[in-house]
Amino acid sequence: MDSLSIITTDIRIAFKKKQFLVGVFLDIASAYDHVLVPVLRQKMLQLSIPEKLVRFVCNAVSNRYIIIRSQNTELSPRSIWRGLPQGSVLSPLLYNIYTYDLELVVNSFCQILQYADDVALYFSSNSIEEASSRLNSALDYLGDWLNDHGLSISVPKCSAVTFTTKYKVPRCNISYKGSLVSCCKQVKFLGLILDSKLNGVPHFNHVIKKSEKGVNVLRSLSGVRWGAHPYSQKLLYNAVVRSHFDYGTFLLDPGNKQALDKISKIQSKSLRIILGAMKSSPINALQIECVDPPLYLRRQFLSDRFFIKVLQYSSHSILSKLRRLSNLTMPSSTGNVPCLLHSFNKLSRLPNPVESFSSNPLFLNSYESLIFDPKIILNFGIEKKSTQASTCFLEKISKDWQGWLPMYTDASKIPNNECIGAAVWVPSFKTVLNFKLPPLTSVFSGEAFAILEAVLYAESHNLNKVTIFSDSRSCLQAILSNPFRSKKKHNTILKIREALFRCSKKDIHIVLLWIPSHCGIAGNETADSCAKGAIFCGSCQHPNISAHDLSALAYSHLLKSWTIDWQSSKEKTGRHYANIQYSIPSSPWFFKYKFLNKKVTSIICRLRIGHACTPVHLAKIKIKDSSLCECGMDEGSTDHIFFNCSLINDSLFDYLSPDFPRPCNLNSLLSLPSSSIVKILGKFISVNKLKL
């Protein structure tokens, strides 16, 4: 995504400047198979990798043999003197080391993007001839570098594309060693099809073809009244259909509207299959019933989430490029702003700066602190809801932790206030350390910051045998987890590990312990009240926002935009569903009721949406001539069928408990899909064999 975001942003910058951008997309012939092990060894030594590790790696990839078997014939073993083993987990990393200085050869001529063996060279200019000349010079130098490293370019598999807004796309003249590189109108780079106009039509059509196969899988696994539960169907849809919508499409937005509408139709088709809904069902109701937002909002959400990851790296090249694109874009142009530029304008102007690093936060800490095993106790022996928690806590302190200095940490957030308060309470010294953290900070970060300050306090005052009690199990688990395997590299957690490691080197013994919150433990209650007070009067020593805390901001922006879209669209379509589902839920209601079969779940979904096979609705969509029920007593509405129809032996009133408030209608029951009501509706539908 980094490479794709960079090249698409550069293309948009060239478009704004009325320039051509010529790109050459290269194919390295059998790249992994032609790596020279002696050259790889030299590169590893240049990067200051320990010689012992270099010898180990080189011994692992050299002196290998292959045996070819054909039917019953086996050829003698053949020695392999070059190349990296295919399928090895080390091979991609070793190839990156092997080609780490490739960009230095061509970056004076043009820009280069490299991801493993996929290489793209491009240059933007007002003249197509100048761009072609630059790229030809770069290819000559690149060819020399590849020859020295045992690699070569497969010219027939290479492509050159001219990106321009002009109606007629001029041809570029790119050659390599006398062979012309074919000029194309589109190219597939890292799974994304880039066309010369960057309108995304070829890629969107490719996505449509791939996702249709997934839709057929959904269709084959269930119907309206049989098959897999909607819960399983929704998970399958996310994996085999929506995943194609998600990959890279936000980089091509705004694109061709007709192609994007076709993708939205596939989403609607999939949601109808999942719910077993009728074709006449409103699309906005289907999206909320499945909690799957409109795709244009989801693309913006994915863009926000990607940009939040980028923000924590101050040296990321996409930041300067987006700043240039923002300066070139008219402030009044709101309709055709790329998703990534919209994320930049929205998230780079927050009230507090985002904590950023020159490289991965993991590499800013010592290796010893990363492999250090801190002393953390998650099972202190006190139950969460124990009424004797305070007494049990004092007994354990006097028995097992006599002579240790207790410290208590906590963080708090008041709903009406955006700031986070963090506090450290040291009862032996009657000392309170309170801090106010900026808005958008999570409670997790507040808890981590309080623990960090407690450790630093013990280190600065040279306090030995310290117990730090925290009620944040997730924070202690993050400190205890292996930072190399953890997906999230939270900088405060890494600082805590670094501080604990320093303390252990100074023979300062610190133990972190988890205790349940709000159980009457005096120290924890005091720390909690101090944290609440810190929201208003704490010292603001940590003004930056962690990028990890902004991940929740991307979802809140999605929810806010989706709510606005729902409030405006329900005035036109989906009014019945709006009276049942007032707000957007966090998850579909049927996720909690996997005991229901497909038939019952589909009928309840149809009733909630308001498009079921009742005489009233069938007459409305002109499938039946009359809305009269088959009993002939009244119109065939849902209330009549469930409560008063003479053709059905039972009434839904017979299934409701006597203390259930009356009078009631079906819509009031459907708006509150609790466990008891869902069971009652499921039993009524099954017993009476309703087909709606």
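Scroll up to find the structure this text is about.
The structure presented is a predicted model; accordingly, all values stated were derived computationally and were not measured.

(A) A look at the overall build of the protein chain. Broken down by element type, the protein chain carries 27 helices and 19 strands. With respect to the three principal axes, the spread of C-alpha positions in the protein chain is 90 × 80 × 70 Å. In the structure as shown, the protein chain presents an accessible area of about 33,900 Å², 53% of it carried by carbon and sulfur atoms. Between the centroid of the 81 positive side chains of the protein chain and the centroid of its 50 negative side chains there is a distance of 5 Å.

(B) Structural context of the packing of helix α11 (residues 295-311) against helix α20 (residues 551-569). One can describe the packing of α11 onto α20 by two numbers: an axis separation of 9 Å at closest approach and a directional angle of 160 degrees. It follows that α11 is roughly antiparallel to α20 by the angle criterion. Considering how the two elements wind past one another, α11 and α20 form a crossing that is right-handed. Between α11, through Tyr296, Leu297, Arg298, Phe301, Asp304, Arg305 and Ile308, and α20, the contact on the second element is made entirely by Ser551, Ala554, Tyr555, His557, Leu558, Ser561, Trp562 and Asp565. Residues belonging to the contact of α11 with α20 are distributed by class as follows: eight nonpolar, three polar and four charged.

(C) Molecular detail of the sheet that holds strand β18 (residues 466-470). Pairing is mixed in the open sheet, where six strands are placed in the order β14-β19-β18-β15-β16-β17. Because the sheet does not close on itself, it has two edges, and the strands there are β14 (376-377) and β17 (431-437). The sheet contact formed by strand β16 (residues 420-426) and β17 spans seven bridges and is antiparallel. Following the sheet pairing, Gly421 is matched in β17 by Lys436.

(D) View of the packing of helix α2 (residues 37-46) against helix α3 (residues 51-61). Two elements in contact, α2 and α3, have axes whose closest approach is 10 Å; the angle formed by their N-to-C orientations is 160 degrees. The orientation of α2 with respect to α3, classified from their angle, is roughly antiparallel. Like other packed secondary-structure pairs, α2 and α3 cross with a definite hand, here right-handed. Across the interface between the two elements, Val37, Arg41, Met44 and Leu45 of α2 pack against Glu51, Val54, Val57, Cys58 and Val61 of α3.

(E) Representation of a nonpolar patch on the surface within the structure. A cluster of nonpolar side chains, Ile66, Ile68 and Leu75, forms an exposed patch at the surface whose accessible area comes to about 250 Å². Within the secondary structure, Ile66 sits in strand β2 (residues 64-66). Since its relative accessible area comes to 38%, Ile66 is described here as partly exposed.

(F) Spatial organisation of the pattern of salt bridges. Taken as a whole and assessed by the stated rule, the structure comprises 16 salt bridges. Ionic pairing is found between Lys346 and Asp304, a salt bridge with its closest N-O pair at 2.7 Å. Taken together, the residues Lys346 in helix α13 (residues 339-347) and Asp304 in helix α11 connect sequence positions 42 residues apart. A relative accessible area of 24% places Lys346 in the partly exposed class. Salt bridges sharing partners connect three or more residues here, namely Arg41, Glu51 and Arg55.

(G) Structural view of the state of the cysteines. With the rule as written, the count across this model stands at zero disulfides. Cysteine Cys184 shares no disulfide, and the gap to the nearest cysteine sulfur, in Cys183, comes to 7.3 Å. This cysteine, Cys290, is not joined by any disulfide, and Cys605 carries the nearest cysteine sulfur, 7.2 Å off.

The rules behind these values
Residues numbered from 1 in each chain as written. Predicted model: local features only at pLDDT ≥ 70, side-chain atom pairs only at ≥ 80, totals over all residues. Heavy atoms only, no water. Helix = DSSP H or I, 4+ residues; strand = E, 2+ residues; numbered from the N terminus. Areas by Shrake-Rupley, 256 points an atom, 1.4 Å probe, with all protein chains shown as cover. Lys, Arg positive; Asp, Glu negative; His and termini not counted. Charge placed at Lys NZ, Arg CZ, Asp CG, Glu CD. Axes fitted to C-alpha atoms, helices over the stretch in contact; angles between N-to-C directions. Parallel < 35°, antiparallel > 145°, perpendicular 65-115°, else oblique. Left-handed = near helix turned anticlockwise from the far one by under 90°. Contact = heavy atoms within 4.5 Å. Nonpolar A, V, L, I, M, F, W, Y, C, P; charged D, E, K, R; others polar. Pairing = 2+ DSSP bridges. Patch = residues over 30% accessible without salt bridge, like charges linked within 9 Å, V, L, I, M, F, W, Y side chains within 5 Å. Salt bridge = Lys/Arg side-chain N within 4 Å of Asp/Glu carboxyl O. Buried < 20%, exposed > 50% of the residue type's maximum accessible area, 1.4 Å probe, protein only. Disulfide = S-S within 2.5 Å.

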